[in-house]
Amino acid sequence: MIQQISESELVLMKIIWNNGGTALYSHIMEELERDSNEWKKNTVLTLLSRLVEKGFLRTAKIGRRNEYKAVVAESEYQAAQTQNFLDRVYGGNVRGLVSTLLQQDILSEEEMKEIEAFWKKKKGV
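These numbers were taken from a predicted model, which means no experiment stands behind them. (Residues numbered from 1 in each chain as written. Predicted model: local features only at pLDDT ≥ 70, side-chain atom pairs only at ≥ 80, totals over all residues. Heavy atoms only, no water.)

Novice: Is there a simple way to explain the pattern of salt bridges in this structure?
Specialist: When the charged atoms of two side chains lie near each other, side chains of opposite charge can form a pair. Applying the stated rule across the entire model yields four salt bridges. With a shortest N-O distance of 2.8 Å, Lys54 and Glu9 are connected by a salt bridge. One end of the pair, Lys54, is in the loop between α3 (41–53) and β2 (57–62); the other, Glu9, is in helix α1 (residues 7–18), with 45 residues separating them in the sequence. Owing to a relative accessible area of 28%, Lys54 belongs among the partly exposed residues under this scheme. (Salt bridge = Lys/Arg side-chain N within 4 Å of Asp/Glu carboxyl O. Helix = DSSP H or I, 4+ residues; strand = E, 2+ residues; numbered from the N terminus. Buried < 20%, exposed > 50% of the residue type's maximum accessible area, 1.4 Å probe, protein only.)

Quick look at the structure:
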């Protein structure tokens, strides 16, 4: 099972995923600055090291620069976290989750139609 990562670690993973699954340290810092995130160099390096330790990233040296490569795909992480949420909050009951989405008007009619079309396509109907 894929373990959870902190919100800060997720910020870094999203930068890497959005860059095709690899990113140089310098690119990560540029993206953080672009988003007005003022994390210090040591903070970012610590978070990246934790992600390597947790098996989310691996590093490669390109000259003197570090390149970080995602080992876990974004879709893989999303699927694992969705299942984790479903199990924790709804006891694995998908109907309970969908019921909440509908009752609270979180899921619009348009989104429901998109899901229905997706389901039919997936099942070959």
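Novice: Where do I start with the sheet that holds strand β1 (residues 22–24) in this structure?
Specialist: Hydrogen bonding along the main chain pairs the strands of a sheet, whether they run parallel or antiparallel. Sheet architecture is open: three strands sit in the order β1-β3-β2, paired in antiparallel fashion. At either margin of the open sheet sits one strand with a lone partner, and together these are β1 and β2. Strand-to-strand twist in this sheet, taken as the mean axis angle between neighbours without regard to direction, amounts to 25 degrees. Of the pairings in the sheet, the one linking β1 to strand β3 (residues 65–70) comprises three bridges and is antiparallel in character. (Pairing = 2+ DSSP bridges. Axes fitted to C-alpha atoms, helices over the stretch in contact; angles between N-to-C directions.)

Novice: I'm lost on the packing of α1 against helix α2 (residues 25–34) in this one. Help?
Specialist: Each pair of packed helices can be summarised by the angle the axes make with each other and by the distance between the axes. Running from amino to carboxyl end, α1 crosses α2 at an angle of 115 degrees, the nearest separation of the two axes being 10 Å. Taken together, the axis directions place α1 and α2 in an arrangement best described as roughly perpendicular. Read as a crossing pair, α1 and α2 show a hand that is right-handed. On the side of α1, the interface is formed by Val11, Leu12, Ile15 and Ile16, while α2 contributes His27, Ile28, Glu31 and Leu32. (Parallel < 35°, antiparallel > 145°, perpendicular 65-115°, else oblique. Left-handed = near helix turned anticlockwise from the far one by under 90°. Contact = heavy atoms within 4.5 Å.)

Novice: When you look at the pairing of β3 in this model, what are you seeing that I'm missing?
Specialist: Each regular strand carries side chains that alternate between the two faces of the sheet. Relative to β3, β2 is paired through six bridges, and the arrangement is antiparallel. Its bridge partner lying in β3, Arg58 is registered against Lys69. Where β2 folds back on β3, the antiparallel hairpin that results is connected by two residues, among which Gly63 adopts a positive phi of roughly 65 degrees.

Novice: What is the right way to look at the environment of Lys40 in this model?
Specialist: Residue placement: Lys40 occurs in the loop between α2 and α3. Among the residues examined, Lys40 registers a relative accessible area of 59% and is labelled exposed. C-alpha of Lys40 to C-alpha of Ala23: the two residues are 17 residues apart in sequence and 18 Å apart in space.

Novice: Before we go on, may I ask you to explain the side chain of Asn37 in this structure?
Specialist: Looking at where Asn37 falls in the secondary structure, it is placed in the loop between α2 and α3. The class for Asn37 is buried, based on a relative accessible area of 18%. At a separation of 3.2 Å, a polar atom in the side chain of Asn37 contacts the main-chain amide nitrogen of Trp39. (Polar contact = N/O pair within 3.5 Å; in protein donor to acceptor, adjacent residues only side chain to side chain.)

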